[in-house]
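The chain contents come next:
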Amino acid sequence: MKKTFSRLPDSELDIMLVLWSNDPPMSRLEIERGVNQKKALAPTTILTLLSRLEKKQFVSVTKQGKMNFYTPLISREEYQQNESKSVLEKLYGNSLKKFVASLYQGNKMDEGDIRELSDFLKEMEEK
């Protein structure tokens, strides 16, 4: 059964990116250090965002002594697939051609990009 989940706001996604890029479980302080490399958030804000992620079932929390440790329940790949599918459906009417065309915004694709896309499409046909 496939997991269904909603799109995350940017601040929550920033926390998930830190969790996905490190070895969980991670403490709030470790997550805060990672998030603050990109933008400064108060510890209370990070705790609020972690609480929201727990309610949405994106992370699990385990208590060790007085500290909470957070582990992602949804992988980066699962989230990327869900988001990609949503964008393709909503913005491009499920047209991969329109999606790829918008990425290049009328600019000419170089031979390497075309070859890579062609190889990918052939690989998909074979599956």
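Up top is the structure.
So, how was this worked out
Residues numbered from 1 in each chain as written. Predicted model: local features only at pLDDT ≥ 70, side-chain atom pairs only at ≥ 80, totals over all residues. Heavy atoms only, no water. Core = buried A, V, L, I, M, F, W, Y, C linked by side-chain atoms within 4.5 Å. Buried < 20%, exposed > 50% of the residue type's maximum accessible area, 1.4 Å probe, protein only. Helix = DSSP H or I, 4+ residues; strand = E, 2+ residues; numbered from the N terminus. Contact = heavy atoms within 4.5 Å. Pairing = 2+ DSSP bridges. Axes fitted to C-alpha atoms, helices over the stretch in contact; angles between N-to-C directions. Phe/Tyr/Trp six-rings, centres within 6.5 Å; stacked < 30°, edge-to-face > 60°.

Colleague: What should I look at first to understand the nonpolar core in this one?
Modeller: The nonpolar side chains of a soluble globular protein tend to be buried, and buried together. The biggest cluster of nonpolar side chains holds 21 residues, and the ones touching the most others in it are Ile-15, Met-16, Leu-19, Ile-31, Phe-58 and Tyr-79. When contributions to this core are tallied by element, the ones reaching two or more residues are helix 1 (10–21), helix 2 (28–35) and helix 3 (43–55). With 6 residues, helix 1 is the largest single contributor of residues to this core. Beyond its immediate sequence surroundings of up to four residues, Leu-19 is in contact with Pro-24, Met-26, Ile-31, Val-59, Tyr-70 and Pro-72.

Colleague: Looking at this structure, how should I read the sheet that holds strand 3 (residues 67–72)?
Modeller: Each strand in a sheet pairs with another by means of backbone hydrogen bonds, the pair being arranged parallel or else antiparallel. Strand order in the open sheet formed by 3 strands is 1-3-2, and the pairing between neighbours is antiparallel. At either margin of the open sheet sits one strand with a lone partner, and together these are strand 1 (26–27) and strand 2 (59–64). Strand direction decides the pairing type here: strand 1 and strand 3, joined by 2 bridges, are antiparallel. Bridging across to strand 3, Ser-27 finds its partner in Phe-69. In this fold helix 3 packs onto strand 2 and strand 3, with an angle of close to 115° to the strand it touches most, strand 2.

Colleague: Explain the environment of Ile-46 to me, please; I cannot follow it from the model alone.
Modeller: Inspection of the secondary structure assignment puts Ile-46 in helix 3. The class of Ile-46 is buried, set by a relative accessible area of 0%. Taking C-alpha positions, Ile-46 is 6.8 Å from Glu-32, a pair spaced 14 residues apart along the chain. Ignoring sequence-local partners within four residues, the contact set of Ile-46 consists of Ile-15, Arg-28, Ile-31, Glu-32 and Leu-41.

Colleague: For this particular structure, what's the right way to read the packing of aromatic side chains?
Modeller: In this description, a pair of aromatic rings is defined by centroid distance and the angle of the planes. Across all of its chains, the model carries 3 aromatic pairs by this definition. When the centroid spacing of 5.3 Å and the interplanar angle of 75° are considered together, the rings of Tyr-92 and Phe-99 count as edge-to-face. Taken together through their ring pairs, the aromatic side chains of Trp-20, Phe-58 and Tyr-79 make up a single cluster.

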